[in-house]
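Given next are the chains, with one letter for each unit.
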Amino acid sequence: QVQLVESGGGLVQAGGSLRLSCTASGPFSNFFMGWCRQAPGKERDFVAAINWSSGNTAYADSVKGRFTISRDNAKNTVTLQMNSLRPEDTAVYYCAGKTAGTWKDGYWGQGTQVTVSS
């Protein structure tokens, strides 16, 4: 059983930065680890992902050039560094892990709130 625990998040002004961390436990070495977000009244959307084994990354177009996902194998941690934040980045951010299939069918953290004020 894979367990994901997020930390970070909070309130920041537009243009500011925040860092989210996700600590994983369990058999996740062959997983894709990532972050998704859900704004009020909207669907949960993909933000960024990293292949735990290879380190290859992928980003949603809306965050390319502003967000960076990375992993620390020794600490079993996935980090999302968010720079140049915009009010439209406001959402609950969820850490997720999966093998094949969709993110919906994978493992999820409890979510952490990110609020960007204008």
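Note that the structure is predicted; figures quoted are calculated from it, not measured.

1. Quick word on the state of the cysteines
Line of reasoning, step 1. Within the structure shown, the criterion is met by 1 disulfide.
Line of reasoning, step 2. The disulfide partner of Cys-22 is Cys-95, and the S-S distance across this bridge is 2.0 Å. Residues Cys-22 and Cys-95 are joined by a disulfide whose S-S torsion is about -75°; by sign, that bridge is left-handed. Of the two residues, Cys-22 is situated in strand S3 (residues 18–25) and Cys-95 in strand S9 (residues 91–98); the sequence distance between them amounts to 73 residues.
Line of reasoning, step 3. For Cys-22, a relative accessible area of 1% translates into the label buried.
Line of reasoning, step 4. As a non-bridged cysteine, Cys-36 has Cys-95 as the owner of its nearest cysteine sulfur, 9.3 Å distant.

2. Topic: the environment of Val-78
Line of reasoning, step 1. Note on placement: Val-78 falls in strand S8 (residues 77–82).
Line of reasoning, step 2. A relative accessible area of 1% places Val-78 in the buried class.
Line of reasoning, step 3. Counting along the chain gives 54 residues from Val-78 to Ala-24, while the straight-line C-alpha distance between them is 8.0 Å.
Line of reasoning, step 4. When sequence neighbours within four positions are dropped, the list of residues in contact with Val-78 reads Leu-20, Ser-21, Cys-22, Met-33, Trp-35, Ile-50, Trp-52, Ile-69, Ser-70 and Arg-71.

3. Brief notes about the sheet that holds strand S7 (residues 67–72)
Line of reasoning, step 1. The strand order across the open sheet formed by 4 strands is S1-S3-S8-S7, and the pairing between neighbours is antiparallel. This sheet does not close on itself; its edge strands, each paired only once, are strand S1 (3–8) and S7. Going across the sheet, the axis of each strand differs from the next one's by a mean of 20°, ignoring polarity.
Line of reasoning, step 2. Where S7 lies against S8, 6 bridges are found, and the strand directions are antiparallel.

4. A few points about the pattern of salt bridges
Line of reasoning, step 1. This model, assessed by the stated rule, comprises 3 salt bridges.
Line of reasoning, step 2. Notably, a salt bridge pairs Asp-89 with Arg-37, separated by 2.9 Å at the nearest N-O pair. Of this pair, Asp-89 sits in the loop between S8 and S9 while Arg-37 sits in strand S4 (residues 32–38), and the two are 52 residues apart along the sequence. Taken individually, Asp-89 and Arg-37 each receive the classification buried, so the pair is uniform in this respect.
Line of reasoning, step 3. A salt bridge links Asp-89 to Arg-66; the shortest N-O distance between them is 2.8 Å. Separated by 23 residues along the polypeptide, Asp-89 in the loop between S8 and S9 and Arg-66 in the loop between strand S6 (57–59) and S7 bring together distant segments of the chain. Arg-66 carries the same exposure label as Asp-89, and that label is buried.

Thresholds, definitions, all that
Residues numbered from 1 in each chain as written. Predicted model: local features only at pLDDT ≥ 70, side-chain atom pairs only at ≥ 80, totals over all residues. Heavy atoms only, no water. Disulfide = S-S within 2.5 Å. Helix = DSSP H or I, 4+ residues; strand = E, 2+ residues; numbered from the N terminus. Buried < 20%, exposed > 50% of the residue type's maximum accessible area, 1.4 Å probe, protein only. Contact = heavy atoms within 4.5 Å. Pairing = 2+ DSSP bridges. Axes fitted to C-alpha atoms, helices over the stretch in contact; angles between N-to-C directions. Salt bridge = Lys/Arg side-chain N within 4 Å of Asp/Glu carboxyl O.

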